[in-house]
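Reading the structure
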Amino acid sequence: ACKAEECRRKLEDLVSVCAIVASKQKIVVDKTSKLYWHWKDRLIKYEEKLFEVLCFEVLVENPYKRCIEVLRLEHPEIGLLSNRNIALDGEGEGKGKGEGEEEEDPERAAWFAKNKQIFQAGSSFFEYTYRVPLSLLYPTATISAVGIVMGSFLNKQKLPNGFLEESLGCTADDAWLCYSSFCELLKPIVEIDPKVNQAFPTLSEADFLATANQQPV
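Residues numbered from 1 in each chain as written. Predicted model: local features only at pLDDT ≥ 70, side-chain atom pairs only at ≥ 80, totals over all residues. Heavy atoms only, no water.

**So, helix α6 (residues 140-154)**
As a reminder, the rule being used: Helix numbers and strand numbers start at the N terminus; a helix is a DSSP run of H or I with at least 4 residues, a strand a run of E with at least 2. In this analysis, the expected span of each helix is defined as 1.5 Å times one less than the number of residues it contains. Burial classes follow relative accessibility: with a 1.4 Å probe on protein chains only, a residue under 20% of its type's maximum area counts as buried, one over 50% as exposed, and anything between as partly exposed.
The first and last C-alpha atoms of α6 sit 21 Å apart over 15 residues, in line with the 21 Å expected at 1.5 Å per residue. Taking burial as the measure, the 15 residues of α6 include 13 buried ones, the bulk of the element. At the C-terminal side of α6, Lys-156 shows a positive phi close to 55°.

What follows is the structure, encoded as structure tokens:
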């Protein structure tokens with residue numbers, strides 16, 4: 001995963017950490033030590049085996065892309081848009097709604113009006129998911145849902161009713177469980193670098209579910 005995504009880690013650093021953890025001692029491990037080369041050879045050997053088992057399928061669906069789609073930030077012809085109602089080449093300007101087209105709920109329309117801010121605010125969560133094995137535990141849709149909830153919380157917005165189920169096929173409870181697991185997985189990193197917690201908000205279950213427009217049972 002470190003080689004496939006933007007949060008790459010140097011093999012040298014990974015080997016050093018593995019060697020130190022395995023030795024259970026506070027030692028310096030670099031390219032001049034036998035311990036370094038012992039662990040480098042082992043990691044490369046296991047990496048090859050892992051590739052074989054996975055049939056070299058090492059890429060997972062990106063949560064950024066899913067969020068761009070469900071937040072209506074993408075158009076196949078011109079890329080990112082800040083609003084789904086932007087007209088192309090003047091088409092549709094000054095026109096009313098077409099026959100049979102339903103008026104969108106005002107609350108939902110107001111939420112989508114802040115789609116770009118919601119996406120940007122939730123992106124910090126996605127960046128940190130690459131530091132933990134969250135993508136091995138939860139589907140991309142659920143991880144995307146957490147980012148959208150966090151982005152909405154930071155923008156003081158509540159998700160439209162039923163949005164997660166309709167757009168991502170998951171529930172607010174699914175997203176809360178994913179967020180809880182993320183927080184647990186991140187604890188060892190926070191101990192090393194406390195500033196990590198400043199990158200995204202810490203939500204209680206009540207705040208999380210309220211933002212997702214679902215009240216706790």
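**Quick notes on the pattern of salt bridges**
To keep it simple, the criterion reads: Whenever Lys or Arg places a side-chain nitrogen within 4 Å of a carboxyl oxygen from Asp or Glu, that contact is recorded as a salt bridge.
Across all of its chains, the model carries four salt bridges by this definition. For Lys-31, the salt bridge identified is with Glu-12, shortest N-O distance 3.8 Å. A residue pair is termed long-range when its members are at least 10 positions apart, and Lys-31 in the loop between α1 (11-23) and α2 (34-53) and Glu-12 in helix α1 qualify at 19 residues. A residue is classified by how much of its surface remains accessible, and Lys-31, at 46% relative accessible area, is partly exposed. On the accessibility criterion, Glu-12 (34% relative accessible area) is partly exposed. We note a salt bridge from Arg-66 to Glu-61, for which the minimum N-O separation is 3.5 Å.

**A closer look at the nonpolar core**
Short version of the rule: Joining through side-chain atoms within 4.5 Å is the link that ties buried Ala, Val, Leu, Ile, Met, Phe, Trp, Tyr and Cys residues into a set, and such a set is a nonpolar core. Any pair of residues with heavy atoms lying within 4.5 Å of one another is described as a contacting pair.
In terms of nonpolar packing, the biggest core is built from 43 residues, with Leu-71, Ile-148, Leu-164 and Phe-208 touching the most fellow members. Listing elements by their share of this core, those giving two or more residues are α3 (63-70), α4 (106-112), α5 (115-129), α6, α7 (163-168), α8 (172-192) and α9 (205-211). Here Phe-208 is in contact with Val-146, Val-149, Ala-172, Ala-175, Trp-176, Tyr-179 and Leu-203, once residues within four sequence places are set aside. By size, the runner-up hydrophobic cluster in this structure holds five residues, among which are Val-15, Ala-19, Val-29 and Tyr-36.

**A look at the packing of aromatic side chains**
Here is the rule we go by: Pairs were defined over the aromatic rings of Phe, Tyr and Trp, the Trp ring being its six-membered one, requiring ring centres within 6.5 Å. Orientation was assigned from the angle between planes: stacked under 30 degrees, edge-to-face over 60, tilted for the rest. Sitting over a ring, as applied to charges here, requires NZ of Lys or CZ of Arg to be within 6 Å of the ring centre and within 35 degrees of the ring normal.
Counted according to the given criterion, the structure contains eleven aromatic pairs. When the centroid spacing of 6.0 Å and the interplanar angle of 70° are considered together, the rings of Phe-112 and Phe-163 count as edge-to-face. Of this pair, Phe-112 sits in helix α4 while Phe-163 sits in helix α7, and the two are 51 residues apart along the sequence. Residue classification places Phe-112 among the buried positions, given a relative accessible area of 7%. Take Phe-163: its relative accessible area is 1%, and that puts it in the buried class. Ring plane angle 25° and centroid distance 5.5 Å describe the contact between Tyr-179 and Phe-208, whose orientation is recorded as stacked. Of this pair, Tyr-179 sits in helix α8 while Phe-208 sits in helix α9, placing them 29 residues apart in sequence. On the basis of relative accessible area, Phe-208 is assigned to the buried category, the value being 0%. Note that Arg-42 overlies the ring of Trp-39, its terminal NZ or CZ placed 4.8 Å from the centroid.

**Considering the environment of Thr-140**
Among the secondary structure elements, Thr-140 is positioned in helix α6. A relative accessible area of 14% means that Thr-140 is categorised as buried. Along the chain, Thr-140 and Val-60 lie 80 residues apart, while their C-alpha atoms are 7.9 Å from each other. The contact partners of Thr-140, leaving out residues within four places of it in the chain, are Glu-61, Asn-62, Pro-63 and Arg-66.

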